[in-house]
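# Chains, contacts and geometry: an overview
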Amino acid sequence: MALWVDKDRPNTLDKLSHHPELTKHLKKMAITGDIPHMLFYGPEGAGKKTRINALLRQIFGPSAEKIKIDQRTFQTPSNRSLEINVISSNYHIEINPSDAGIYDRVVVQELIKEIAQTQQVNVNAPRKFKVVIIHEAESLTKVAQHALRRTMEKYMRNLRIIMCCSSTGNIILPLQSRCLLVRVPAPGLGQISQVLMDVAQKENIQLTDSVAHKMALASNQNLRRAILMLEAAYVTNCQFQENMELPLPDWEIVIKNLGKTLLNSQSPMVVMQSRSVLYELLTHCIPPSTILKKLAFYLVEHVDEAIKPEIVFQAAIYEERLRQGQKAIFHLEAFVAKFQSLYTRFLLDLVIDF
Amino acid sequence: MSLKRNVGGKLWTEKYKPTHFLNLVGNDRINRVVLQWVKHWDYCVFGKENAAASIKKSLKEQKRPQTSRFGNNVFKTKNNENSKTQYEDRLKRPFKKILLLSGPPGVGKTTLANIVAKQSGYKAMEINASDDRTASKIKGQILAVTGNQSITEDQSPRLLVIDEIDGVSTSRSNDESFISVLVKLVNEDNSISLKKINEGGQDHEDNHNSQKLGKTKKKGPKTIRRPIICICNDLYTPSLYALREVAMVIQVHPPTTEQIARHLKYVCNEENLKVDDWGLTTLAKNSGGDIRLCLNLLQFSGHGDKNLSTEKLNSISLGSKDMQMPIFSVWDSIFTQPNSKNFRKFINSKFNRSTAGKYMAILESFLVNYAEYSQYLYNTLKNVDDYDKIMQGCFENYLKMNTRDLSHSKLSEISEIWLYFYDTINNFISKSPSNGYVLFGYLIYPLMAFHRVCMNPLGLDGGDFTFPSTDNMVNSKSKAFSTNAEQFLSQTQDQSFKARWNKNIFSTYLLDYILRILSPNLTVTNIELFNHDMKKKLSHIVTVMYGLNLSFVQNKTEEGIYIFELQPPLDKMTSYSIQNPIQKPVLKYQVKMLISHELDIVKMKQTSHAILDNNPSERPDITNKQQHIFLSDTRFSNALKNKNDVEPKEVHKRTSNVKEFFSTKKNDVAKDEGSSNLAANPDSKGFTDTKTSNDVSEKEANVWFQYNEGYSNAVRHPVIIRDLL
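Definitions and cut-offs
- All chains use their own residue numbering, which begins from 1 and follows the written sequence.
- Numbering of ligands from 1 and lettering of chains from A proceed in the order in which they are written.
- Where local features are concerned, this predicted model is filtered to residues with pLDDT of at least 70; where side-chain atom pairs are given and counted, the filter is 80 or more; whole-chain, interface and lining totals use all residues.
- Here the side-chain values reflect all heavy atoms present in the structure, with hydrogen atoms and water set aside.
- Here a strand is any run of E in DSSP of at least two residues, a helix any run of H or I of at least four, and the numbering for each starts at the N terminus.
- Buried, partly exposed and exposed residues are distinguished by accessible area as a fraction of the type maximum, computed with a 1.4 Å probe on protein chains only: under 20%, between the cut-offs, and over 50%, respectively.
- When checking whether two residues touch, look at their non-hydrogen atoms; a contact exists if any pair is within 4.5 Å.
- Only the protein chains shown count as cover for residues, and the accessible areas themselves come from Shrake-Rupley with a 1.4 Å probe.
- Buried area, as used here, totals the accessible surface that two parts lose on assembly, with accessibility defined by a 1.4 Å probe and the loss added over both.
- Salt-bridge detection follows one rule: a side-chain nitrogen of Lys or Arg within 4 Å of a carboxyl oxygen of Asp or Glu.
- Polar contacts here mean pairs of N or O atoms no more than 3.5 Å apart (in protein, one a potential hydrogen donor and the other a potential acceptor; neighbouring residues in sequence count only if both atoms are side-chain atoms).
- When residue character is reported, Ala, Val, Leu, Ile, Met, Phe, Trp, Tyr, Cys and Pro are called nonpolar, Asp, Glu, Lys and Arg charged, and the others, Gly included, polar.
- A pair of strands is labelled paired if DSSP reports no fewer than 2 bridges between them.
- Throughout, an axis means a line fitted to C-alpha atoms (over the contacting stretch in the case of helices), and angles, computed between N-to-C directions, take values from 0 to 180 degrees.
- What pLDDT reports is the predictor's confidence in each residue, on a scale of 0 through 100.
- Convention used here: angles under 35 degrees read as roughly parallel, angles over 145 as roughly antiparallel, angles from 65 to 115 as roughly perpendicular, and any remaining angle as oblique.
- Put simply, a crossing is left-handed when the front helix is turned counterclockwise from the back one by less than a right angle, and right-handed when it is turned clockwise.

### Re the overall build of chain A
Broken down by element type, chain A carries 14 helices and 7 strands. Scored against the burial criterion, the 354 residues of chain A give a buried share of 54%. Sequence-distant contacts in chain A: of pairs separated by 6 or more residues, those separated by 24 or more amount to 72%. Surface summary for chain A: the accessible area is close to 15,900 Å², and the carbon and sulfur share equals 52%.

This is the structure in structure tokens:
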């Protein structure tokens with residue numbers, strides 16, 4: 001694959017450089033030839049999927065990397081047909097339930113049962129079981145998760161499930177208790193810069209430690225993003241200089257500008273303006289919670305100590321509301337309005353104090 | 001009249017239907033405008049002159065005091081307008097050929113139409129929902145009405161009343177819907193009139209005469225020669241959209257409570273029913289201006305009982321009906337302050353610092369009114385079905401409303417509490433369709449909260465209210481974005497790409513970084529001048545683009561400038577229109593061309609590899625017969641330069657052949673030009689090509705010229721693409 005992120009992705013456990021402890025455990029497990037159900041969780045860009053793929057390779061050998069994509073059609077209870085893409089190799093199958101939306105129960109039931117009930121016919125297969133990987137498991141609906149519970153126990157002979165999610169918060173406890181929980185934390189700054197240096201070496205470019213460190217910092221400890229950033233910076237710049245500007249995504253700049261306007265003036269008109277900005281961000285499919293987080297952190301950075309805790313507290317409240325409701329714009333705007341009223345009051349108090 | 005009415009067993013609504021224009025209850029002005037419009041057809045239908053004068057006359061005959069009010073502003077402006085339209089239309093018909101009456105049920109729209117028809121000497125012909133209303137049917141009807149003369153003794157011309165037009169089916173089973181036929185008729189008519197004006201009013205007399213005789217011209221598209229009145233309840237039904245554009249729209253407002261009460265009183269007197277005035281007023285108020293409802297109620301509640309008390313009327317639960325208001329009036333009532341007159345008084349008294357007692361009294365009355373209004377608003381909202389739309393309208397406009405909220409604490413309360421409340425409940429309802437409805441009633445309260453915070457004396461006019469469309473727009477845009485994203489992710493060369501990159505990552509940073517990766521700081525545009533680093537970058541970009549299945553496509557702009565556009569257009573996906581657009585490096589045309597060129601080479605390399613991989617057995621065949629790619633393109637000659645496989649010796653050897661060939665070729669072409677003038681034909685190139693190859697095969701030479709009208713820039717030579725790569 002052409003992008004460095006894909007090209008230089010480690011495909012075996014040995015090549016994984018960060019979190020060596022975790023790698024060691026996984027390796028031990030793979031050598032015994034059997035794995036339990038697993039639940040990988042950790043922030044994005046921490047290398048969960050890479051780690052899972054490397055583990056699969058360790059267990060099944062290189063042929064686990066030969067994958068194909070099928071389109072499967074499912075019938076929903078309301079007689080709608082549902083098409084989802086399924087990635088599979090001889091030994092495993094990957095699904096992303098968020099493709100199915102609220103009908104993921106059907107997918108889980110039908111697809112996984114189908115795999116679970118067919119035994120491995122190939123005698124030469126290295127292992128008797130097949131592996132089902134569920135990406136973005138946090139988007140599984142509760143119904144689908146309950147549908148998984150029994151399947152996981154009943155078909156233990158033929159089936160192992162590896163789930164991958166960013167937080168265990170949305171996974172029901174019965175499922176968590178059936179899995180081996182594997183936390184993949186975000187790699188540390190040192191680890192990221194190490195990876196960046198490795199990539200740079202592989203691609204034959206000059207990269208100094210300090211620049212790598214800077215990139216690691218700017219990427220929010222997201223490894224994938226750090227490597228993309230490195231690649232973008234390499235292409236757009238002649239050389240890496242100490243003080244060069246790191247490329248940021250456009251939407252982050254838009255949010256920064258929004259934050260600036262909010263700090264400058266407070267009035268319903270500003271709320272109106274910010275509404276159009278928020279709408280625009282939403283049309284670009286930036287997840288609402290990401291918008292809220294980014295904005296809140298920007299604001300926290302630029303206000304007085306005294307109201308920082310309150311802003312974080314409010315941001316947390318509105319993030320919860322985002323999850324409860326469905327109209328993201330309501331809550332994003334409510335946060336903006338709330339911030340304005342908080343900030344206005346703070347400024348007024350300041351005036352009164354003097 | 002009274003004799004007729006004493007016959008029992010008749011609905012009062014029928015019995016006391018107004019029989020005359022002046023008996024009409026309701027807004028006098030509207031009635032007159034309608035009459036005026038119908039009268040306007042007089043010249044066309046009856047051949048009378050001045051329409052306005054005839055109304056005057058016909059009304060004067062009635063010798064009623066109302067006549068004195070005649071000639072008010074409405075009419076004056078109308079007259080002006082008429083004089084203008086009369087110029088335009090040779091039949092002196094009104095400018096808009098169709099009248100569309102709209103208003104809530106029971107205010108007397110149908111009655112109005114019928115009476116006006118009668119008043120102006122037409123026989124109303126009604127098409128309502130009970131009739132078969134298909135496109136073909138209406139065509140026939142209109143023809144029949146406008147063209148034919150009744151053979152019965154009633155010689156009066158027809159006037160078409162299409163009742164309940166909003167209930168017409170809009171199913172697209174046939175090609176044309178009812179409405180579209182109507183609209184088409186009008187449009188055809190307009191175009192004809194325009195044409196006729198240009199031709200001059202020559203055949204005007206003929207037409208006029210034929211009109212009198214009730215004939216229409218057989219040939220050509222029909223003009224509308226009789227007034228058509230359409231009646232609907234909800235003007236903003238989507239199906240009526242087209243009709244709204246072409247018709248003259250008149251909204252019939254319900255008569256005032258007093259007017260209804262007066263009418264009810266008259267009916268009660270006729271029926272010897274004793275009801276006090278207050279009772280009638282309450283009834284009229286509760287009905288929301290629906291006279292029909294009032295009459296029905298009176299008739300049946302008063303059965304056998306000649307004495308109806310106010311209490312009794314109030315106790316009838318049927319008294320207040322479910323009213324579904326048009327959506328704009330719902331918004332209006334949300335944003336309107338109850339009884340703004342009282343409120344203004346209240347404010348004034350505050351400023352005047354009058355006595356406390358008076359102050360309190362006014363405040364009290366205001367509060368009473370407020371409670372009443374809240375109840376009214378609650379009832380209104382209860383009858384609304386599309387809360388989502390209403391809410392969206394409130395949400396998109398509440399900040400624009402002129403509210404007295406200096407600290408903004410109220411506005412933030414809306415967003416903090418009520419919108420959250422609404423969204424949670426709404427989400428619950430939509431998530432569990434089976435039992436979510438139990439919470440449906442609570443959806444009203446957030447809207448009430450909007451009223452409490454955002455009301456102002458002017459209602460919707462207090463701010464600049466717009467119909468909520470942003471949400472839909474945002475939804476459709478983001479949907480388009482995500483489908484684009486998914487398409488992009490699934491079309492890449494690597495099949496597992498989509499598995500590793502999901503949509504969120506794509507929108508949050510992958511897209512931005514890909515675009516940055518695609519815009520290198522290459523300033524030199526000649527590949528020969530590239531240093532090692534630049535070459536590396538170039539090849540890197542090309543591999544990325546190949547892997548992601550991206551390409552630069554040459555397009556011509558409207559100004560005729562050639563530009564290279566990224567395909568699929570990822571760069572358009574990141575554009576943010578709002579506030580100081582972010583500066584992004586833009587690639588030069590030449591650089592794009594260079595990349596595109598290199599990309600083509602890579603693609604060819606890959607495809608030829610693929611071919612060879614797929615059929616290794618055919619490999620010798622390919623080398624022998626096919627895959628002779630003729631490198632006439634400059635870019636390939638470039639490549640040829642780089643990796644020249646042609647032995648110089650061979651070329652040298654063949655130069656003599658070429659010379660010889662050139663001379664023969666010249667002769668050939670000369671012959672061709674003489675015989676069929678093919679040189680001017682664009683196909684001639686292909687022709688000469690085949691010709692040359694034939695020649696070559698005859699001479700068994702491997703190098704040849706393409707002779708192109710005395711100009712040639714390439715020596716041709718069969719090259720196998722594999723050798724080049």
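On we go.
### Regarding the interface of chain B and chain A
Each partner contributes to the interface: chain B provides 69 residues, whereas chain A provides 73 residues. Summing both partners gives a buried area of about 6,500 Å² for chain B against chain A, and 60% of it is carried by carbon and sulfur. Summed over the shared surface of chain B and chain A, the result is 3 salt bridges. With its nearest N and O atoms 3.5 Å apart, the salt bridge here joins B:Asp471 to A:Lys327. There are 16 residue pairs in polar contact (both at pLDDT 80 or more) connecting chain B and chain A. Sorting the residues of the side of chain B that touches chain A by element identifies helix H19 (387–397), helix H20 (409–431), helix H22 (470–490), helix H23 (497–500), helix H24 (503–517) and helix H25 (532–547) of chain B as the ones contributing at least two each. Sorting elements by how many residues they give to the side of chain B that touches chain A places H20(B) first, with 11 residues. Of the residues that constitute the side of chain B that touches chain A, the class distribution is 26 nonpolar, 27 polar and 16 charged.

### Side note on the pattern of salt bridges
Pairing between side chains of opposite charge can happen when their charged atoms approach one another. Per the stated rule, a full pass over the model turns up 13 salt bridges over all chains. Of the charged contacts, one joins A:Glu153 and A:Arg150 as a salt bridge, the two residues approaching to 2.8 Å between their closest N and O atoms. Separated by 3 residues within a single helix, A:Glu153 and A:Arg150 lie in helix H5 (residues 142–154), roughly one turn from each other. Residue B:Glu416 is joined to A:Lys338 by a salt bridge in which the shortest nitrogen-to-oxygen separation is 3.0 Å. One end of the pair, B:Glu416, is in helix H20; the other, A:Lys338, is in helix H14 (residues 328–353), on a second chain. Within this structure, A:Arg150, A:Glu153 and A:Arg178 form a network of salt bridges that share partners.

### A closer look at the sheet that holds strand E7 (residues 180–183) of chain A
Residues and elements named next belong to chain A. Here we have 7 strands laid out as an open sheet, ordered E2-E3-E4-E5-E6-E1-E7, and mixed in their pairing. Across the chains shown, the open sheet's two edge strands, defined by having one partner strand only, are strand E2 (68–75) and E7. Sheet twist, expressed as the average angle between the axes of neighbouring strands with direction ignored, equals 25 degrees. Judged from the 4 bridges that link them, strand E1 (residues 38–41) and E7 form a sheet pairing that is parallel. The residue of E7 that forms the bridge with Met-38 is Leu-180. Across the sheet, helix H4 (residues 104–117) is in contact with E2, strand E3 (81–88), strand E4 (92–95), strand E5 (130–134) and strand E6 (159–165); its angle to E2 comes to roughly 120 degrees.

### A word on the confidence of the model for chain A
When pLDDT is averaged along chain A, the result is 84; 96% of the residues meet or exceed 70. When the elements of chain A are averaged for pLDDT, helix H1 (residues 4–7) of chain A gives the smallest value, 79, and E1(A) the largest, 92.

### Section: the packing of helix H10 (residues 250–264) of chain A against helix H12 (residues 288–302) of chain A
Residues and elements named next belong to chain A. As a packed pair, H10 and H12 sit with axes 9 Å apart at the nearest point and diverge in direction by 50 degrees. Overall, the two elements H10 and H12 adopt an arrangement that is oblique. Along this stretch, H10 crosses H12, giving a crossing that reads as right-handed. Counted together, Trp-251, Glu-252, Ile-255, Lys-256, Leu-258, Gly-259, Lys-260, Leu-262 and Leu-263 of H10 and Thr-290, Ile-291, Lys-294, Leu-295, Tyr-298, Leu-299 and His-302 of H12 form the full contact between these two elements. Residue composition of the contact of H10 with H12, grouped by class: 9 nonpolar, 3 polar and 4 charged.

### Quick word on the sheet that holds strand E2 (residues 123–127) of chain B
Residues and elements named next belong to chain B. Here we have 5 strands laid out as an open sheet, ordered E2-E3-E4-E1-E5, and parallel in their pairing. In this open sheet, the two strands that pair with only one neighbour each are E2 and strand E5 (248–251). Looking at each pair of strands side by side, their axes are set apart by 25 degrees on average, direction ignored. Bridge analysis of strand E3 (residues 158–162) against strand E4 (residues 228–232) gives 3 bridges, and the strand direction is parallel. Across the sheet, residue Val-161 finds its bridge partner in E4, namely Ile-229. Against the sheet, helix H3 (residues 28–39) touches strand E1 (98–102), E3, E4 and E5, its axis set at about 155 degrees to E5. Running over the sheet, helix H7 (residues 109–119) touches E1, E2, E3 and E4 and is turned about 165 degrees from E4.

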